[in-house]
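# Structure at a glance
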Amino acid sequence: SSTLRLPDRPLPISLSAGSNGSTSDDVVPTEAYGARFGLVMNEHVEFGTSFAAGYTDANAQDERLFGFDFTGKAEDLELKAEFINHQRNRVGGKESVFGYYLQGKYNFNERWFGVVRQDGFNADGTVVYPFNSTMTSTLLSMSAGAGYRVDPKAQFRLEYQLAEGPNNDTVFLQTVVGF
């Protein structure tokens, strides 16, 4: 017989499920669920994988999202990267989108932090590479902002995002809560 041994380190796991109750013709899944599994290598390195699935009644499409992520920490600096594959199965056929984000966060003190981020994806299903916008199907955005931690598991963020295309720049005010 064989025994599976888990390492002596935290294995962060998160699960989510929900329904948005939307009756509009948008692409937000009507029903969705997902999970993320992480492996903390040490206090500086974490690897993770995530999965989400949903169904949109309005345009009869199944949604699947697969992701692989990395987090590295050193002193007050935190770097994150995630590569994502988003698949849609519609009545008219299948669609696959590849994307990524790269993010740097600097903690000024226990409450305040700054963040910069680059996002990119290819709508035609080809793989997208960071810092390469030569492919016409690649859409890129850059954002910068600041955040305030209410406590270690709750924070507010204000970010300004510069995105390719006319009138695509956006200001985000986010509330982030962890459990």
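Look above for the structure.
Here the residue numbering is sequential within each chain, running from 1 through the sequence in written order. Confidence filtering applies because this is a predicted model: local features only for residues at pLDDT of at least 70, side-chain atom pairs given and counted only at 80 or more, and all residues used for totals across whole chains, interfaces and linings. Water and hydrogen atoms were dropped before computing side-chain values, which therefore reflect all heavy atoms in the structure.

### Overview of the overall build of the protein
Counting its regular elements, the protein contains 0 helices and 10 strands. Going along the chain from the N terminus, every DSSP run of H or I of four or more residues is numbered as a helix, and every run of E of two or more is numbered as a strand. Traced from its N-terminal end to its C-terminal end, the protein shows the element sequence β-β-β-β-β-β-β-β-β-β. Working definition: with a 1.4 Å probe on protein chains only, accessible area under 20% of the residue-type maximum means buried, over 50% means exposed, and in between means partly exposed. Across the 179 residues of the protein, 28% fall into the buried class. Sequence separation of at least 24 residues holds for 35% of the intrachain contacts in the protein that already meet a minimum separation of 6. To be clear on the numbers: accessible area is Shrake-Rupley with a 1.4 Å probe, and residue cover counts the displayed protein chains and nothing else. Here the protein has roughly 11800 Å² of accessible surface; of this, 60% comes from carbon and sulfur atoms. Residues are treated as being in contact if the distance between any of their heavy atoms lies within 4.5 Å.

### Considerations on the environment of Glu-164
Its place among the elements puts Glu-164 in the loop between strand E9 (154–163) and strand E10 (170–177). Judged by relative accessible area, which is 36%, Glu-164 ranks as partly exposed. Linking Glu-164 and Leu-140, residues 24 residues apart in sequence, is a C-alpha distance of 6.0 Å.

### Topic: unusual backbone geometry
For Glu-75, which is not glycine, the phi dihedral falls at a positive 55 degrees. Here Glu-75 shows up in the loop between strand E4 (61–74) and strand E5 (77–90).

### Section: the pairing of strand E7 (residues 112–122)
Note on pairing: two strands pair once DSSP finds at least 2 bridges between them. Where strand E6 (residues 93–107) lies against E7, 10 bridges are found, and the strand directions are antiparallel. Across the sheet, the residue bridging to Leu-102 is Gln-118, located in E7. Here E6 folds back onto E7 in antiparallel fashion, the turn holding 4 residues.

### Points about the environment of Asn-122
If you trace the backbone, Asn-122 turns up in strand E7. Taking the C-alpha atoms as reference points, Asn-122 and Ser-96, 26 residues apart in sequence, are found 8.9 Å from one another.

### Examining the pattern of salt bridges
For salt bridges, the criterion is a side-chain nitrogen of Lys or Arg within 4 Å of an Asp or Glu carboxyl oxygen. This structure, assessed with the given rule, holds 5 salt bridges. In this structure, the salt-bridge partner of Arg-36 is Asp-69, at a minimum N-O distance of 2.7 Å. Here Arg-36 is found in strand E2 (residues 31–42), whereas its partner Asp-69 is found in strand E4, with 33 residues between them in sequence. Across the pair Glu-159 and Arg-157 runs a salt bridge whose closest N-O atoms are separated by 3.9 Å. Taken individually, Glu-159 and Arg-157 each receive the classification buried, so the pair is uniform in this respect.

### As for the packing of aromatic side chains
Note on ring pairs: Phe, Tyr and Trp rings are taken, using the six-membered ring of Trp, and paired if centres are within 6.5 Å. Classes follow the plane angle, with under 30 degrees stacked, over 60 edge-to-face and the rest tilted. Enumeration according to the criterion identifies 5 aromatic pairs in this entry. Arranged with centres 5.5 Å apart and planes meeting at 50 degrees, the rings of Phe-47 and Phe-70 form a pair that is tilted. With a gap of 23 residues between them, Phe-47 in strand E3 (residues 45–56) and Phe-70 in strand E4 connect regions that are remote in the sequence. Whether a charge sits over a ring depends on NZ of Lys or CZ of Arg being within 6 Å of the ring centre and within 35 degrees of the ring normal. In this structure, Lys-105 packs its charged tip against the face of Phe-113, placed 4.8 Å from the ring centre.

### Points about the side chain of Ser-143
Positionally, Ser-143 belongs in strand E8 (residues 138–151). Identification of polar contacts relies on pairs of N or O atoms within 3.5 Å, with a donor-acceptor requirement for protein atoms, meaning one able to donate a hydrogen and the other able to accept it, and with residues adjacent in sequence counted only if both atoms are side-chain atoms. At 3.2 Å, the side chain of Ser-143 and the side chain of Glu-159 are in polar contact. With sequence-adjacent residues up to four places away left out, Ser-143 is seen in contact with Val-115, Val-116, Arg-117, Glu-159, Tyr-160 and Gln-161.

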